[in-house]
Amino acid sequence: MQEGSIRSDIELRAPVAIAVGAGFKREIASLTEMQNFLKEWPTVKRGESYTAAMRACEAAWAAEIELDKARQAFLVFARKVGIEWTGADPVAVLREAKIRRNRARESRPQHGAQH
């Protein structure tokens with residue numbers, strides 16, 4: 001980078017996938033996208049992991065820390081608030097759990113039940 005030039009954005013080595021809405025995935029691919037997502041996060045839901053992620057993004061912009069450290073802080077935030085993308089569709093996961101419960105219930109012997 002040239003002296004005095006302004007960074008417009010910094011691409012992440014690997015995008016961060018987060019879950020938004022009912023099973024939809026959003027990929028965060030740059031430092032600007034991470035910061036914008038954090039800025040949009042509801043104030044009442046902000047905690048320590050939010051603050052750490054925001055500070056890490058600011059430090060990455062200032063070249064005080066490696067970009068990967070900011071990415072890791074964002075991942076910790078996503079995990080703590082339950083939006084880390086696991087690759088599983090939450091609707092399908094719940095449906096499978098219900099099917100397993102029903103099968104387990106049906107396979108149990110009915111003690112003293114008369115039809």
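Structure first, text after, so check above.
1. Things to note about the packing of helix α1 (residues 31-40) against helix α3 (residues 67-81)
Taken N-terminus to C-terminus, the directions of α1 and α3 make an angle of 30 degrees; their axes are 11 Å apart at the nearest point. In terms of orientation, α1 and α3 fall into the roughly parallel class. Seen from above, α1 lies across α3 with left-handed handedness. Residue-level contacts link Leu-31, Met-34, Phe-37 and Leu-38 of α1 to Leu-67, Ala-70, Arg-71, Phe-74 and Phe-77 of α3. Among the residues making up the contact of α1 with α3, the classes are represented as 8 nonpolar, no polar and 1 charged.

2. Some words on the pattern of salt bridges
Considering all chains together, one arrives at 3 salt bridges under this definition. A salt bridge links Arg-13 to Asp-68; the shortest N-O distance between them is 2.9 Å. Highlighted residues: Arg-13 in strand β1 (residues 11-20) and Asp-68 in helix α3, separated in sequence by 55 residues. Classification of Arg-13 by relative accessible area gives exposed; the value is 70%. Exposure remark for Asp-68: the relative accessible area of 30% places this residue in the partly exposed category. With a closest N to O distance of 3.1 Å, Glu-84 and Arg-79 form a salt bridge.

3. Observations regarding the pairing of β1
Summarising the sheet, β1 and strand β2 (residues 24-30) pair through 6 bridges and their orientation is antiparallel. Bridged to Ala-17 within β2 is Glu-27. From the end of β1 to the start of β2, which pair antiparallel, there are 3 residues, and Gly-21 there has a positive phi angle of about 65 degrees.

4. Some remarks on the side chain of Ser-30
Mapped onto the elements of the fold, Ser-30 is located in strand β2. Reaching out from Ser-30, the side chain makes a polar contact with the backbone nitrogen of Glu-33 at a distance of 3.2 Å. Sequence-distant contacts of Ser-30, that is, excluding residues within four places in its chain, are made with Asp-9, Ile-10, Glu-11 and Leu-12.

5. Remarks on the packing of aromatic side chains
Inspection of the entire model under this criterion finds 5 aromatic pairs. Considering the side-chain rings of Phe-37 and Trp-41, the 5.9 Å spacing of their centres and the 35 degrees angle between planes classify their relative orientation as tilted. Across the pair, exposure class does not vary: Phe-37 and Trp-41 are buried alike. Where Phe-37 meets Phe-74, the ring centres are 5.9 Å apart and the plane angle is 75 degrees; that geometry is what we call edge-to-face. A residue pair is termed long-range when its members are at least 10 positions apart, and Phe-37 in helix α1 and Phe-74 in helix α3 qualify at 37 residues. Joined through ring pairs, the aromatic side chains of Phe-37, Trp-41, Tyr-50, Phe-74 and Phe-77 make up one cluster.

6. Side note on the side chain of Arg-71
Here Arg-71 is to be found in helix α3. No salt bridge forms around the buried Arg-71; measuring N to O, its nearest opposite-charge neighbour Asp-68 is 4.5 Å away. At 2.7 Å, the side chain of Arg-71 and the backbone oxygen of Ala-14 are in polar contact. Each residue touching Arg-71, except ones within four places of it in the same chain, is listed here: Leu-12, Ala-14, Pro-15, Val-16 and Met-34.

Conventions we followed
Residues numbered from 1 in each chain as written. Predicted model: local features only at pLDDT ≥ 70, side-chain atom pairs only at ≥ 80, totals over all residues. Heavy atoms only, no water. Axes fitted to C-alpha atoms, helices over the stretch in contact; angles between N-to-C directions. Helix = DSSP H or I, 4+ residues; strand = E, 2+ residues; numbered from the N terminus. Parallel < 35°, antiparallel > 145°, perpendicular 65-115°, else oblique. Left-handed = near helix turned anticlockwise from the far one by under 90°. Contact = heavy atoms within 4.5 Å. Nonpolar A, V, L, I, M, F, W, Y, C, P; charged D, E, K, R; others polar. Salt bridge = Lys/Arg side-chain N within 4 Å of Asp/Glu carboxyl O. Buried < 20%, exposed > 50% of the residue type's maximum accessible area, 1.4 Å probe, protein only. Pairing = 2+ DSSP bridges. Polar contact = N/O pair within 3.5 Å; in protein donor to acceptor, adjacent residues only side chain to side chain. Phe/Tyr/Trp six-rings, centres within 6.5 Å; stacked < 30°, edge-to-face > 60°. Lys, Arg positive; Asp, Glu negative; His and termini not counted.

The quantities given are spatial measurements derived from coordinates; they are silent on function.
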